[in-house]
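Geometric and topological summary
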Amino acid sequence: MTADGSLPWLDALFEASPVGLAILDASLRFVRINPTLAELNGVSVAEHIGRTLREILPELAPVTEPVVRHVLERGEAVRDIPLSGTTPRQLGVLRHWRASYIPLELGGARCVATYVEDITDQVTAEQALQASELRFRTICEAAPLGIFLTEGASQVVYANPAAQRMVGRPESELLREGWGAAVHPDDVASVTAIVRAADQSRRGDLQVDARFVRPDGTVVWTETVAREVYDGSRHLGRVAVMSDVTERRKIEAALHESEALFRELSENVDAVFYLSRPDVSRIDYVSRGFTTVWGRSREELQSNPDLWLTTIHPDDRARVTAAFGRDRAGFKAEYRVVRPDGSVRW
């Protein structure tokens, strides 16, 4: 112990502490302050001693003075009080602190020990994160596509309104049961295999085409693209974007049925059907009736589109060519065709 009654090791700890420390007397004057807090305040240690809180930090005094007086009067500690404001260190720059006030007696006089930690970086990061999350939610809530966020293997932690509408389930149910519970039974095996393969290979993206069954029994076709999210080697989860392609599937099915009916008809009548480019530079399809009427294979016409015109009877060719030239979108004409054996068909 030194002549003034202080302990050398305690003094050293006070001076070297990375946390701001100070002692205030009953008049709210600084009795002692360490370099850390003096630097935070932007005023030297010597300039603090004997001056009040209000004199050093006038902007923060309306908040801190009532707290210090409460501790002096009640003898009760007040911990982790958030403070925000400016100091002489950086005028006009908003800073954030966390402060605790502990009752203390020195030489029979009641004092208050103050602990102050600068948490500006932490608060700024939290505010940036909150702003980022708000932007993310704002975008997702308005998006017409379904968006899922998952943690780990498949635990849903977020589903936007569009995703909820697509699968016909509220977010609370999806968070509780996962999206897998809504997958059509016939698609469960394929979806599981795709997801498992992605987990094992750590691919950047995965794509899943699957049906979901809503509670009312309706089936929704979806296409989902998911991005794996990793923190180093640790798999955090996925961001998945889902499109409702039910109407497109219906159109494709109707088109497939229509094409099947067309082929059934065209392949079983003697009339000739063909599909070509407007300038007849390419024949995309020709029915089996061509062989019956022209006496030539369909492959001959497709390999040589001009065969249609060159096989027209010479006496009819100019008339048919003129009619075709007037309306290539569709024309009507009667003409004779000369077959390879010289026979003529109308």
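Note that the structure is predicted; figures quoted are calculated from it, not measured.

1. Here's the deal with the overall build of the chain
Secondary structure assignment for the chain yields 14 helices and 14 strands. A compact globule built from 346 residues would reach a C-alpha radius of gyration of about 20 Å, whereas the chain, at 42 Å, exceeds it by more than 25%. Reported as C-alpha extents along the three principal axes, the dimensions of the chain are approximately 135 × 45 × 35 Å. Put simply, the chain has 346 residues, and 35% of those count as buried. Here the contacts in the chain between residues at least 6 apart in sequence split such that 35% fall between residues at least 24 apart. Accessible surface, the chain as shown: approximately 20500 Å² in total, 55% of it carbon and sulfur.

2. Quick look at the nonpolar core
The nonpolar side chains of a soluble globular protein tend to be buried, and buried together. Counting 24 residues, the largest nonpolar core has Phe30, Val68 and Tyr101 as the members making the most contacts within it. Looking at this core, the elements that each hand over two or more residues are strand S1 (20-24), strand S2 (30-33), helix H2 (35-41), helix H4 (53-56), helix H5 (61-74), strand S3 (78-85), strand S4 (95-106) and strand S5 (109-118). Ranked by the residues each element gives to this core, the list is headed by H5, at four residues. The next biggest cluster of nonpolar side chains, apart from the first, holds 20 residues, and it includes Val195, Phe212, Ala240 and Met242.

3. Comments concerning the sheet that holds S4
Adjacent strands of a sheet pair through backbone hydrogen bonds, lying either parallel or antiparallel. Read from one edge to the other, the open sheet built from five strands follows the order S2-S1-S5-S4-S3, with strand pairing classed as antiparallel. The open sheet has two free edges, formed respectively by S2 and S3, since each of these has just one partner strand. Each strand of the sheet is rotated relative to its neighbour by a mean of 25°, with strand direction disregarded. The sheet contact formed by S3 and S4 spans six bridges and is antiparallel. Residue pairing in the sheet places proline 82 in a bridge with arginine 98 of S4. Relative to S4, helix H6 (residues 120-142) is tilted by about 140°, and along the sheet it contacts S4 and S5.

4. Concerning the pairing of strand S9 (residues 219-231)
As judged from the nine bridges shared by strand S8 (residues 205-213) and S9, these two strands associate in the antiparallel manner. Counterpart to leucine 206 in the pairing with S9 is alanine 226. Two successive antiparallel strands, S8 and S9, enclose a turn made up of five residues, where glycine 217 displays a positive phi of approximately 95°. Pairing between S9 and strand S10 (residues 234-244): 10 bridges, direction antiparallel. Counted as the bridge partner of valine 225 is valine 241 from S10. Here S9 folds back onto S10, and the loop between the two strands holds two residues, one of which, glycine 232, carries a positive phi near 65°.

5. Observations regarding H6
Each full turn of the α-helix corresponds to 3.6 residues, which orients residues three or four apart in the same direction. With 23 residues, H6 ought to run about 33 Å at 1.5 Å a step, and its terminal C-alpha atoms sit 33 Å apart, in line with that. Within the span of H6, buried status applies to Thr120, Val123 and Cys140. On its buried face, H6 sits against S4, S5, strand S6 (146-151), strand S7 (155-159) and helix H7 (161-167).

6. Some remarks on the packing of aromatic side chains
One pass over the structure, following the stated rule, counts three aromatic pairs. Judged by centre distance (5.7 Å) and plane angle (65°), the ring pair of tryptophan 308 and phenylalanine 324 falls under edge-to-face. Within this pair, whereas tryptophan 308 is found in helix H13 (residues 307-310), its partner phenylalanine 324 is found in helix H14 (residues 314-326), the two being separated by 16 residues in sequence. With respect to class, tryptophan 308 is no different from phenylalanine 324; both count as buried.

7. Examining the sheet that holds S8
Spatial ordering of the open sheet is given by S7-S6-S10-S9-S8, a layout of five strands whose pairing is antiparallel. The open sheet has two free edges, formed respectively by S7 and S8, since each of these has just one partner strand. Averaged over neighbouring strand pairs, the angle between their axes works out to 30° when direction is ignored. In this fold helix H9 (residues 188-201) packs onto S8, S9 and S10, with an angle of close to 155° to the strand it touches most, S8.

8. Focus on empty space enclosed by the protein
Inspection of the entire model under this criterion finds three cavities of 30 Å³ or more. Here the second largest cavity defines a volume of roughly 180 Å³. Asn41, Leu53, Leu57, Tyr101 and Val116 are the residues nearest the centre of the second largest cavity, which is lined by 17 residues in total. Among the elements of the structure, S1, H2, H5, S4 and S5 are those that each provide at least two residues to the lining of the second largest cavity. When residues of the lining of the second largest cavity are assigned to their parent elements, the largest contribution, three residues, is made by S4. Among the residues making up the lining of the second largest cavity, the classes are represented as 13 nonpolar, four polar and no charged.

Calculation criteria
Residues numbered from 1 in each chain as written. Predicted model: local features only at pLDDT ≥ 70, side-chain atom pairs only at ≥ 80, totals over all residues. Heavy atoms only, no water. Helix = DSSP H or I, 4+ residues; strand = E, 2+ residues; numbered from the N terminus. Rg over C-alpha atoms; globule rule 2.2 N^0.38 Å. Buried < 20%, exposed > 50% of the residue type's maximum accessible area, 1.4 Å probe, protein only. Contact = heavy atoms within 4.5 Å. Areas by Shrake-Rupley, 256 points an atom, 1.4 Å probe, with all protein chains shown as cover. Core = buried A, V, L, I, M, F, W, Y, C linked by side-chain atoms within 4.5 Å. Pairing = 2+ DSSP bridges. Axes fitted to C-alpha atoms, helices over the stretch in contact; angles between N-to-C directions. Expected span 1.5 Å × (residues − 1). Phe/Tyr/Trp six-rings, centres within 6.5 Å; stacked < 30°, edge-to-face > 60°. 1 Å grid on protein atoms, 1.4 Å probe; cavity = no way out; pocket = protein on both sides within 12 Å on 5 of 7 lines; lining within 4 Å. Points joined across faces, edges and corners; volume = space filled by probe spheres on them. Nonpolar A, V, L, I, M, F, W, Y, C, P; charged D, E, K, R; others polar.

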